[in-house]
Amino acid sequence: MSHTRVSHTPVLADEVTFLLRPRRGGWLVDGTVGMGGHAEQLLERAGGDTRLLGIDRDPDALVRAARRLARFGARVVLGHGSFRHLGALASRAGVEHATAVLLDLGLSSYQIDESGRGFSFQGAEPLDMRFDPTEGRTAAELLSRLTAEEIARVLIEFGEERHAHRIARALVEQRRRAPVRTAADLVSVVKRAVPRAAWSKRTHVATRTFQAVRMAVNDEPDALAEALPQAAALLEDGGRLGVISFHSGEDRVVKRAFRSLAGRGFVELEPSPVTAGREETAHNPRARSAKLRVLARQEAA
């Protein structure tokens with residue numbers, strides 16, 4: 001999903017379009033269609049009768065993608081669901097093989113700024129953090145049930161938060177006084193727990209905590225690990241799979257999956273991920289942490 005507003009270019013858009021080489025005819029699959037930014041560029045580049053299957057867990061995102069991609073008419077098919085079920089969702093849409101598959105693991109600007117689900121550090125939004133608000137436990141429910149040790153494990157594994165144990169203890173202490181129900185409540189706990197001298201000048205002190213809790217709520221690492229082999233299996237000869245990650249843990253999952261497929265009919269295009277250039281990061285600071293890896297199915301001899 002793009003990290004920019006709908007009127008802006010999505011993260012690494014030119015690199016995605018160039019490296020995925022969308023072909024005329026056949027199918028493209030965007031497993032995280034978001035507001036449709038990458039999908040729009042891929043369809044424009046491919047042209048002709050190329051069709052696109054766009055999938056997203058967030059029903060609101062699909063509404064926005066439908067609006068943005070309306071000019072492509074019947075060339076676009078949108079489906080609600082998680083990319084961990086990519087094979088089944090593709091089969092249901094009649095997609096047997098794809099020339100390109102894209103997974104963009106970032107949050108959309110809509111989700112951060114407008115969804116009201118507690119992804120942002122600002123305001124007193126309900127602490128929900130579910131991509132799909134129709135299923136699963138909210139972040140508030142998760143944090144109300146986990147022990148201090150379990151919370152610390154989440155913060156370390158998914159957020160690489162060095163003050164994880166202090167934050168976890170502070171959360172449990174806060175729960176004894178009043179529930180942690182809003183994004184503002186969580187920010188307040190983190191600010192009390194982390195020594196002021198340790199606050200980063202570049203990022204909000206609660207960034208890693210919010211990231212970790214969101215990843216736990218949505219079971220993101222496991223979903224990604226399940227999705228990658230399915231995405232690779234969809235590729236036709238010469239087809240390409242691109243994954244944009246924003247967190248070192250996600251990138252490790254992608255790197256491990258790609259390397260396990262290498263030599264079995266697939267090849268990773270570059271050993272190191274593609275990152276955003278100076279101009280893009282100046283225009284969109286959220287692109288700083290974006291990493292694109294691309295896997296290609298080898299052409300039949």
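Residues numbered from 1 in each chain as written. Predicted model: local features only at pLDDT ≥ 70, side-chain atom pairs only at ≥ 80, totals over all residues. Heavy atoms only, no water.

Caption draft 1: Region of the structure containing the packing of helix H7 (residues 148-159) against helix H10 (residues 207-217). At a minimum axis separation of 8 Å, H7 and H10 run at an interaxial angle of 100°. Overall, the two elements H7 and H10 adopt an arrangement that is roughly perpendicular. When H7 is examined against H10, the residues Val 154, Leu 155, Phe 158 and Gly 159 are found in contact with a partner set consisting of Arg 208, Thr 209, Gln 211, Ala 212, Val 213, Met 215 and Ala 216. When its residues are assigned to classes, the contact of H7 with H10 shows seven nonpolar, three polar and one charged. (Axes fitted to C-alpha atoms, helices over the stretch in contact; angles between N-to-C directions. Helix = DSSP H or I, 4+ residues; strand = E, 2+ residues; numbered from the N terminus. Parallel < 35°, antiparallel > 145°, perpendicular 65-115°, else oblique. Contact = heavy atoms within 4.5 Å. Nonpolar A, V, L, I, M, F, W, Y, C, P; charged D, E, K, R; others polar.)

Caption draft 2: Representation of the environment of Val 154. Looking at where Val 154 falls in the secondary structure, it is placed in helix H7. Judged by its relative accessible area of 15%, Val 154 is buried. Considering only alpha carbons, one finds Val 154 and Ala 216, 62 residues apart in sequence, at a separation of 6.9 Å. Apart from residues lying up to four places away in sequence, Val 154 is in contact with Leu 146, Gly 159, Ala 212, Val 213 and Ala 216. (Buried < 20%, exposed > 50% of the residue type's maximum accessible area, 1.4 Å probe, protein only.)

Caption draft 3: Molecular detail of helix H2 (residues 37-46). Burial of H2 is extensive: seven of the ten residues sit out of reach of the surface. Along H2, the residues that are buried comprise Gly 37, His 38, Ala 39, Glu 40, Leu 42, Leu 43 and Ala 46. Looking one or two residues past H2, Gly 47 carries a phi angle of roughly 65°, positive in sign.

Caption draft 4: The pairing of strand S5 (residues 235-245), seen in detail. Of all eleven residues that make up S5, nine are buried, and the element is covered over most of its length. Judged from the six bridges that link them, strand S4 (residues 98-104) and S5 form a sheet pairing that is parallel. Paired with Leu 103 across the two strands is Val 243, which belongs to S5. With six bridges connecting them, S5 and strand S8 (residues 291-297) associate as antiparallel partners. Opposite Ile 244, over in S8, you have Leu 292 as the bridge partner. (Pairing = 2+ DSSP bridges.)

Caption draft 5: Molecular detail of the layout of surface pockets. Roughly 1,300 Å³ of internal volume is contained in the largest pocket. Around the largest pocket sit 37 residues that line it, and Phe 121, Thr 203, Thr 207, Arg 208 and Gln 211 are the ones nearest its centre. Within the residue set of the lining of the largest pocket, elements represented by two or more residues are helix H5 (109-113), H10 and helix H12 (248-261). Residue contributions to the lining of the largest pocket peak at five residues, all from H10. Its residues placed into classes, the lining of the largest pocket shows 13 nonpolar, 13 polar and eleven charged. (1 Å grid on protein atoms, 1.4 Å probe; cavity = no way out; pocket = protein on both sides within 12 Å on 5 of 7 lines; lining within 4 Å. Points joined across faces, edges and corners; volume = space filled by probe spheres on them.)

Caption draft 6: Spatial organisation of the pattern of salt bridges. Following the criterion strictly, the structure yields 14 salt bridges and no others. A salt bridge links Glu 44 to Arg 71; the shortest N-O distance between them is 2.4 Å. Here Arg 71 lies in the loop between helix H3 (59-68) and strand S3 (76-80) and Glu 44 lies in helix H2, a separation of 27 residues in the sequence. Among the ionic pairs, Arg 293 bridges to Glu 268, the shortest N-O distance being 3.1 Å. Of this pair, Arg 293 sits in strand S8 while Glu 268 sits in strand S6 (residues 266-268); the two residues are 25 residues apart in sequence, bridging distant segments of the chain. Assessed through its relative accessible area of 14%, Glu 268 is described here as buried. (Salt bridge = Lys/Arg side-chain N within 4 Å of Asp/Glu carboxyl O.)

Caption draft 7: Up close: unusual backbone geometry. Notably, Met 129 is not glycine yet its phi reads approximately 70°, a positive angle. The topology assignment puts Met 129 in the loop between H5 and helix H6 (139-145). Located in the positive-phi region is Glu 160, a residue other than glycine, with phi close to 50°. One can find Glu 160 in the loop between H7 and helix H8 (164-177). Its relative accessible area of 35% is what places Glu 160 among the partly exposed residues.

That is the geometry; function is a separate question.
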